[in-house]
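One-letter residues, chain by chain:
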Amino acid sequence: MTVVCKTLDDMAIFGGTPAFAEKLHVGRPNLGRRDRLLERINDILDRRWLTNDGIYVQEFERRVAQMAGVRHCIAICNATVALEIAIRALGLKGQVIVPSFTFIATAHALQWQEITPVFCDIDPETHNLDPAMVERSITPQTTGIIGVHMWGRACDVDRLEGIARQYKLKLLFDAAHAFACSHNGRMIGSFGDAEVYSFHATKFVNTLEGGAIVTNDADLAAKIRLMKNFGFAGYDNVIYIGTNGKMNEVSAAVGLTALESLNEFIAVNRRNYEQYRRALAGLDGIEFVTYDAAQKSNYQYVVLRIDSGRLGMSRDELVRILHAENIMARRYFYPGCHRMEPYRSSDPQAGLRLPHTEALAQSVLSLPTGTCIDPDTIQSVCHVLRLAVTHHREIRRRLETGRSNRQAADEMALRTPDARSTGCESQHPHPSRITTSGSSARPLRAA
Ligand code: T4K
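Residues numbered from 1 in each chain as written. Predicted model: local features only at pLDDT ≥ 70, side-chain atom pairs only at ≥ 80, totals over all residues.

**Student:** Please explain the site of the ligand as it appears in this structure.
**Tutor:** As a matter of local geometry, the ligand sits amid 23 residues, with Gly27, Ala79, Phe103, Ala176 and His200 nearest to it. Elements supplying a minimum of two residues to the shell around the ligand: α3 (79-89) and α4 (104-111). Counted by class, the shell around the ligand contains ten nonpolar, eleven polar and two charged residues. Two domains share the shell around the ligand, each providing at least three of its residues, namely domain 1 (8-28 + 262-427) and domain 2 (34-260). (Near = placed C-beta within 6 Å. Helix = DSSP H or I, 4+ residues; strand = E, 2+ residues; numbered from the N terminus. Nonpolar A, V, L, I, M, F, W, Y, C, P; charged D, E, K, R; others polar. Domains from an automatic or database assignment.)

Given below as structure tokens:
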């Protein structure tokens, strides 16, 4: 891939050609070895056993339980259904305390069962539930807490476990982001009453669609196994209300194949993350979500926090510029669950109790990473970002006045010849470097 080196004048937001010919997505799936996967799929087809607790699902469950350091893993068709089943199996009802700063599935899994999610604010540093506010949110109707290990960084599990014990509440963790991550040397997956992983296509280990519930509680695991299979305890014998939450064999085969490449995926994610940090170092107003080097992390999210005052432009202005260049940075998790339906209508004032959630939802930005992104692509993304930030005043001026790209560029060139500097010089000493690694996003120009 060739490093893209644009100038202010040919930015796509002013009508220039986008830096990338194809959209550069956050969440491009990692794939393991294709030959190994096809071998497994052929075997599944030969066996004609496609779902319902087949050998690949069983093997996947064993591997995930082993990695999480727990006794039981139940593979589920996706993490949203896994949350729903875990919530029901734990007997949650009434009110359950959850963060609003999460993917909507965490809240919906409760509301779907007519349980009220009580949104609790987060710690602005960790982006996870603030235990002090959790405690203040408890009412006689509260039956449980769902913590979300945001970006794979553990909640304050010790304090949450203490609160759950003290108030006799169930504690479930949404560990959708946290597969293969640890907390104080213990794998995330082994905390609370149960935890839920997501293996959606966009997660760094995927099963196409998929999830899993992990727990050390044998009775809970047995109940979950029944519930994810309609409540069947044997042929013609239903002993519990259940649903269809089963993972199929092909999904499990995809997952097993991905697990064989797990270390490579993490290494690539980490390399990408570190490259982004180096390339954007020194930009005032951009702060990275960091990962504790003493813990295991999967580095699957590269998250920036934008301080619009210091940066000179808002997160949304930056997103607009990046999207024009086909860099599809995401505003995870904007605007916060409390600002989405049905929660927005049922509690329109919730934002007043959630100042950190509101601020974070306005300021975070996730950048593309994973095995589809090569170093030159990251260099190009960072170049565009730097260019936008360095020239934020001029960009705003042009956008506000709506002057034509050429007119404004000519005027600026007359006034301040330096303003045409690309910002590439210090970042890209060898901008014409070509790599052979395969990003699907094709750059249009090299400097
Ligand atoms: N709890 C938390 C904290 C979660 O973050 C999630 C899911 C869940 C629970 C529920 O887990 P699941 O029930 O999904 O297992 C995406 C994912 O769909 C979602 O799984 C994930 N969190 C969330 C953070 O991101 P969207 O609405 O951004 O999806 P979408 O379709 O826009 O995909 C993101 C980007 O990925 C696309 O722009 C393109 C790219 N992509 C996507 C797919 C599916 C690909 O390149 N290839 C693909 O196959 O939610």
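**Student:** Would you mind going over the pairing of strand β9 (residues 194-198) with me for this structure?
**Tutor:** Across the five residues that make up β9, a large majority, five, are buried. Here β9 shows two buried faces, one formed by Ala194, Val196 and Ser198 and the other by Glu195 and Tyr197. Looking at chain direction, strand β6 (residues 170-174) and β9 are connected through three bridges and run parallel. Looking across to β9, one finds that Leu172 is bridged to Ala194. Across four bridges, β9 lies against strand β10 (residues 211-215) in antiparallel orientation. (Buried ≥ 20, exposed ≤ 12 C-beta atoms within 10 Å, placed from the backbone. Pairing = 2+ DSSP bridges.)

**Student:** Teacher, can you tell me more about the nonpolar core here?
**Tutor:** Among soluble globular proteins, nonpolar side chains are generally buried collectively. Ranked by internal contacts, the top residues of the largest apolar core, which has 129 residues, are Ile76, Ala82, Ala86, Ala212, Ile213 and Val214. A domain split of this core shows at least three residues from each of domain 1 (8-28 + 262-427) and domain 2 (34-260). Residues in contact with Ala86, not counting those within four places in the same chain, are Leu172, Ala194, Val196, Ile213 and Ile224. (Core = buried A, V, L, I, M, F, W, Y, C linked by C-beta atoms within 7 Å. Contact = placed C-beta atoms within 7 Å.)

**Student:** Explain the confidence of the model for the chain to me, please; I cannot follow it from the model alone.
**Tutor:** Note that predicted coordinates carrying low pLDDT should not be read in detail. Per-residue confidence for the chain gives a mean pLDDT of 91, with 90% of residues at or over 70. A low-confidence stretch, residues 417-447 stays under pLDDT 50, and its non-local contacts, those more than four residues away or across chains, total 69 contacts. (pLDDT = per-residue confidence, 0-100.)

**Student:** When you look at the environment of Ser100 in this model, what are you seeing that I'm missing?
**Tutor:** Residue position: Ser100 is located in the loop between β3 (95-99) and α4. Taking the C-alpha atoms as reference, Ser100 lies 9.9 Å from Met340; in sequence the two are 240 residues apart. Once you skip the residues sitting within four places of it in the chain, Ser100 turns out to touch Phe119, Gly336, Cys337, His338, Leu354 and Thr357.

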